[in-house]
Amino acid sequence: MGPRNLLKNHPASRLNSSARMLALPTTATHRECKSRVASLFTATTIFFLVAGLCGCHGTSATRTTEFPVPANIVLSPAEIVSLDIGAIQSFTATPQNAQKAAITEPVSFASTNTAVVTIADNGLACAGSWDSLSNPQICTPGRVGVAQVTANTKGVSSPPTIVYVHQHVDSITVTSVNATLKDFTSPTDCGLGAGVVGLSKDQSAAFQAAAFSRGVDITSTVGTFTWQSLNGNVAAIISASLSNPITGLLPGQAKVTAHTPGTTSIFASVSNVNSMPVDFTTCPVQSITLTANGSITGPIVVKKGASTPITPTVVDTQGNTITGIPLTWCSSDPASVSVGSNNCSTNTGTSVSASTPLIGGGSVMASCTPPNCNIGLQIGPQTVLPIYPQNALQVVVTPGTSTAQTTLVFVSTTDCDHMPGITTGCHTAVLPIETSKNTVGSPISLPATPNSLLFNRQGTKAFLGTNSGLFGTRGLMVLNASGSPPSVSAFIKAAPGKVLAVAPDGNHVIVSDTADTPKQVFVVDTSSNTTVSLQIAGATAADFSPDSLKAYILAGDTLHVYSALESLKSIALSAAARDVSFLSNGGFAYLAGGDPAGVSARAVCDDSAASSPVNTPTTPPFIRGLPDGNVLAVDAPGVDLITPTTTPATLPDLCPPSVNNTIESFNLGQGSFVASQLLVSSDGARAYVIPSNLPSVLVFNILSRTSFAVSMAGNAIPLQATLTLDGNFLYVAASDGTVHVLDTQTAADVQQVTLPISSETQPNGLCTGVPVACKPNLIAARP
């Protein structure tokens with residue numbers, strides 16, 4: 001009798017009716033179901049039915065999950081894996097739908113060569129054999145070879161990952177390959193001497209990696225190397241592989257292409273082992289020459305509102321002319337001659353347009369300035385190697401129309417800090433003078449008495465120093481000159497002292513605190529209002545290089561060199577120095593002093609002294625680099641005009657260049673004077689000496705080499721002066737309490753602007769809260 005007949009004659013045949021008698025509810029629990037059924041039937045005859053019956057009347061119905069068919073499977077890691085014998089690698093698989101979104105789908109893994117690689121159900125791969133695929137614990141090393149791993153489900157398979165199994169890699173070497181193929185060049189020393197491996201920009205070379213195990217070359221078994229350049233701007237690497245073949249290269253080789261001049265390290269890795277880094281150099285920039293309208297000499301005369309293209313010719317140390325170099329373009333007066341939206345920004349173009357928004361002038365230079373150019377290059381002890389152009393181009397901006405150019409002149413005073421018997425209650429303001437009618441505007445209150453007033457070259461901000469920090473309550477003040485109306489921000493409290501210099505890019509200000517203890521210098525970042533303090537006592541003068549890379553700070557007979565890329569450098573001078581200024585092309589800085597001869601020069605690339613100083617009658621109190629590339633120094637009773645001739649350094653050295661100087665001295669014809677200030681017009685045509693002991697301003701015409709004096713009305717003594725950007729007017733804060741307006745074209749004192757005196761009802765003067773009028777002695781025209 002079959003199973004079906006036995007069940008028919010068994011008492012359990014009453015199952016259906018008994019179940020009806022039980023009247024089991026559909027929501028009966030599994031335990032209730034078993035209890036009621038067991039009360040009717042013996043366990044020995046129907047135990048196999050109980051579970052089925054109770055399952056039908058459980059808490060939920062049985063459901064079958066249907067998984068969708070994926071469009072593809074992403075296997076990770078992909079393409080190529082390199083493993084030591086006996087090593088373990090985890091694989092993951094992600095099924096995706098047609099929209100590349102991950103979906104839930106069970107997958108299985110497979111290896112094409114289980115003698116080399118076995119892969120468990122959970123995706124763990126063994127370079128050998130697992131003890132169990134469902135619960136892998138022990139990986140027994142296998143043999144050297146290659147296998148392909150895939151993930152699969154519902155007939156869909158992932159792209160295979162090729163697994164190379166090899167002996168343990170002890171070391172990797174990287175060497176250049178003497179490629180004679182098209183588009184490949186054998187590396188050179190870039191003209192810098194033995195040990196340098198490099199190429200000119202845009203050239204490519206082939207490199208080979210080799211893997212070793214206990215001194216045996218096992219390169220053929222390890223698969224594809226991973227190549228890396230620590231600085232992809234200097235050199236780019238494309239490695240050859242089965243999935244990325246490169247014509248003429250074998251797997252394990254790589255194509256290295258030189259980009260931006262500089263030095264980087266390249267290395268290869270496989271199976272978690274790195275090669276020793278190989279230094280690679282994109283041949284450095286050796287020289288830069290600027291031309292405009294086919295000429296390397298200026299001045300280039302442009303009407304206001306027009307522009308002129310300036311073209312750089314860049315030559316590297318291999319003698320190759322290269323293009324697309326990120327040069328730093330700067331203007332000495334960006335308010336008049338602009339070379340970009342931000343002064344001293346980088347540009348890789350074959351030419352840069354110099355626009356001319358305002359009448360005036362300036363010099364334009366383009367330099368290979370780290371960290372954007374000659375990146376990471378180190379020659380000898382020099383770790384930062386800027387290359388400056390052979391020439392800066394002078395641009396003169398003439399009026400495009402007859403419309404007069406107006407600006408604001410800001411006037412203030414230091415008197416509140418110097419009034420006998422008055423220690424409190426005196427408050428200082430800044431007064432704007434509108435130059436079209438020379439009317440005085442509303443006072444701008446200052447939170448402290450200033451000791452200096454200096455604009456950035458963009459004309460957007462002026463910086464006012466304070467004598468003392470007063471225990472951290474005072475500091476640098478910032479005048480927003482482009483606001484309407486202009487306003488003064490709160491203190492940058494970490495930086496009290498006198499403002500010595502503002503960088504050409506407008507981003508840094510040097511402030512010298514000689515009143516507090518300790519005496520020190522602050523470098524203020526104007527974009528973040530943060531400061532760097534330098535332990536420099538008694539700094540009296542400073543200037544930034546034209547590309548804003550370095551600042552030279554003078555303190556007696558010591559020159560301090562600040563750069564954000566290097567640690568502070570302090571250089572002992574053979575004599576005290578009084579002033580410093582850079583050539584317009586940036587190659588050299590000239591010090592008024594620093595040598596008993598009178599004027600000394602230093603190469604900016606390494607700060608070394610030029611071979612010979614410049615002999616002047618006395619040590620000048622002031623010195624200025626001129627837009628035409630020359631240097632002017634005040635040397636009573638006259639001025640000294642210095643003409644430098646520079647020569648690039650010869651290879652293998654890139655630094656320092658050499659310079660020869662010629663000097664002409666001119667007597668200003670006014671007898672002995674004590675200079676308190678030296679101003680040069682933005683077009684480089686005239687220089688103005690402000691004497692502290694004469695009622696006049698001394699003028700030297702740089703172009704004609706002639707001089708004259710402009711007398712001050714009422715025999716007033718000039719205290720401080722400022723020149724408008726177009727050079728047409730000189731505003732002089734004078735001892736008579738007024739601001740004198742000198743017309744530089746007619747050489748006459750044409751107006752004396754009377755400043756308002758504050759009273760209790762109208763506190764609109766330079767000083768408030770005191771019974772006397774303050775004299776103006778700080779003045780600056782907005783560029």
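Engineer: How would you summarise the sheet that holds strand β37 (residues 461-466) if you had to cite specific residues and measurements?
Structural biologist: As summarised here, the arrangement of the 4 strands in space is β36-β37-β38-β39, forming an open sheet in which the pairing is antiparallel. The open sheet has two edge strands, β36 (450-455) and β39 (487-488), and neither has a second partner. Sheet topology note: the β36/β37 ladder contains 5 bridges and is antiparallel. Among the inter-strand pairings, Leu454 is bridged to a residue of β37, identified as Phe463.

Engineer: Tell me about the side chain of Ser548, and please be specific about residues and values.
Structural biologist: Tracing the sequence through the fold places Ser548 in the loop between β44 (541-544) and β45 (550-555). Judged by relative accessible area, which is 15%, Ser548 ranks as buried. One polar contact links the side chain of Ser548 to the main-chain amide nitrogen of Asp505, over a distance of 3.1 Å. Those residues in contact with Ser548 that lie beyond four places of it in its chain are Cys344, Ala503, Pro504 and Asp505.

Engineer: Give a detailed account of the sheet that holds strand β28 (residues 345-347), specifying residues and quantitative values.
Structural biologist: Ordered by their spatial adjacency, 5 strands build an open sheet running β24-β31-β30-β27-β28, and the pairing between neighbours is mixed. The open sheet is flanked by β24 (300-303) and β28, the only strands paired with a single partner. Going across the sheet, the axis of each strand differs from the next one's by a mean of 30 degrees, ignoring polarity. When strand β30 (residues 360-367) meets strand β31 (residues 393-398), the two strands line up antiparallel, connected through 5 bridges. The residue of β31 that forms the bridge with Val364 is Leu393.

Engineer: Please provide a residue-by-residue account of the nonpolar core, values included.
Structural biologist: What tends to happen in soluble globular proteins is that the nonpolar side chains get buried as a cluster. Judged by nonpolar contacts, the single largest core of 43 residues is most densely connected at Val285, Ile310, Leu327, Trp329, Phe588 and Tyr590. By size, the runner-up hydrophobic cluster in this structure holds 22 residues, among which are Ala209, Ala211, Val256 and Val270.

Engineer: Requested: an account of the environment of Leu591, with residues and values cited.
Structural biologist: Along the chain, Leu591 falls in strand β49 (residues 588-593). Take Leu591: its relative accessible area is 0%, and that puts it in the buried class. The spatial distance from the C-alpha of Leu591 to the C-alpha of Phe622 is 8.9 Å, given a sequence separation of 31 residues. In contact with Leu591, not counting residues within four places along its chain, are Leu554, Leu573, Ala577, Asp579, Val580, Gly598, Val599, Ser600 and Ile623.

Engineer: Got a sec to walk through empty space enclosed by the protein? Specific residues and values, please.
Structural biologist: If you walk through the whole model with that rule in mind, you get 2 cavities of 30 Å³ or more. Volume-wise, the largest cavity comes out at about 230 Å³. As for the largest cavity, its lining consists of 19 residues, of which Ile387, Tyr388, Gln390, Pro648 and Pro657 are closest to the centre. Only β23 (285-291) and β54 (638-647) provide two or more residues apiece to the lining of the largest cavity. In terms of residue count, the dominant contributor to the lining of the largest cavity is β23 (3 residues). Of the residues contributing to the lining of the largest cavity, the split by class is 12 nonpolar, 7 polar and no charged. Empty space within the second largest cavity amounts to approximately 40 Å³. Lining the second largest cavity, in full, are Arg686, Tyr688, Val699, Phe708, Val710, Leu742, Asp743, Thr744 and Ala747. Looking at the lining of the second largest cavity, the elements that each hand over two or more residues are β57 (686-691), β59 (706-711) and β62 (738-743). Of the residues contributing to the lining of the second largest cavity, the split by class is 6 nonpolar, 1 polar and 2 charged.

Engineer: Could you give an account of the packing of aromatic side chains, with specific residues and numbers?
Structural biologist: By the definition in use, this model includes 4 aromatic pairs. With 5.8 Å between their ring centres and 45 degrees between their planes, Phe410 and Phe455 make a pair best called tilted. Taken together, the residues Phe410 in strand β32 (residues 408-412) and Phe455 in strand β36 connect sequence positions 45 residues apart. As far as the burial class goes, Phe410 and Phe455 line up, both buried.

Engineer: Residues and numbers for the confidence of the model for the protein chain, please.
Structural biologist: In this model, the protein chain carries an average pLDDT of 89, and 89% of its residues clear a pLDDT of 70 or more. Note that pLDDT drops below 50 for residues 1-60; the model gives that stretch 36 contacts with residues more than four away or on any other chain.

Engineer: I'd love a proper account of the pairing of β57, names of residues and values included.
Structural biologist: The buried count for β57 comes to 6 of 6 residues, which makes it a mostly enclosed element. A two-sided burial pattern is seen for β57, the buried positions comprising Arg686, Tyr688 and Ile690 on one face and Ala687, Val689 and Pro691 on the other. Pairing of strand β56 (residues 675-680) with β57 involves 5 bridges; the strand directions are antiparallel. When the bridges of β57 are listed, Val680 appears paired with Ala687. Connecting the antiparallel pair β57 and strand β58 (residues 696-701) is a turn made up of 4 residues.

Engineer: I'd like a rundown of the state of the cysteines, residues and numbers included.
Structural biologist: Under the counting rule described, the total for this entry stands at 7 disulfides. With a sulfur-sulfur separation of 2.0 Å, Cys368 is cross-linked through a disulfide to Cys373. Here the S-S torsion is close to -95 degrees, and the disulfide linking Cys368 with Cys373 is therefore left-handed. Each member of the pair, Cys368 together with Cys373, is buried.

What counts, and where the lines are drawn
Residues numbered from 1 in each chain as written. Predicted model: local features only at pLDDT ≥ 70, side-chain atom pairs only at ≥ 80, totals over all residues. Heavy atoms only, no water. Pairing = 2+ DSSP bridges. Helix = DSSP H or I, 4+ residues; strand = E, 2+ residues; numbered from the N terminus. Buried < 20%, exposed > 50% of the residue type's maximum accessible area, 1.4 Å probe, protein only. Polar contact = N/O pair within 3.5 Å; in protein donor to acceptor, adjacent residues only side chain to side chain. Contact = heavy atoms within 4.5 Å. Axes fitted to C-alpha atoms, helices over the stretch in contact; angles between N-to-C directions. Core = buried A, V, L, I, M, F, W, Y, C linked by side-chain atoms within 4.5 Å. 1 Å grid on protein atoms, 1.4 Å probe; cavity = no way out; pocket = protein on both sides within 12 Å on 5 of 7 lines; lining within 4 Å. Points joined across faces, edges and corners; volume = space filled by probe spheres on them. Nonpolar A, V, L, I, M, F, W, Y, C, P; charged D, E, K, R; others polar. Phe/Tyr/Trp six-rings, centres within 6.5 Å; stacked < 30°, edge-to-face > 60°. pLDDT = per-residue confidence, 0-100. Disulfide = S-S within 2.5 Å.

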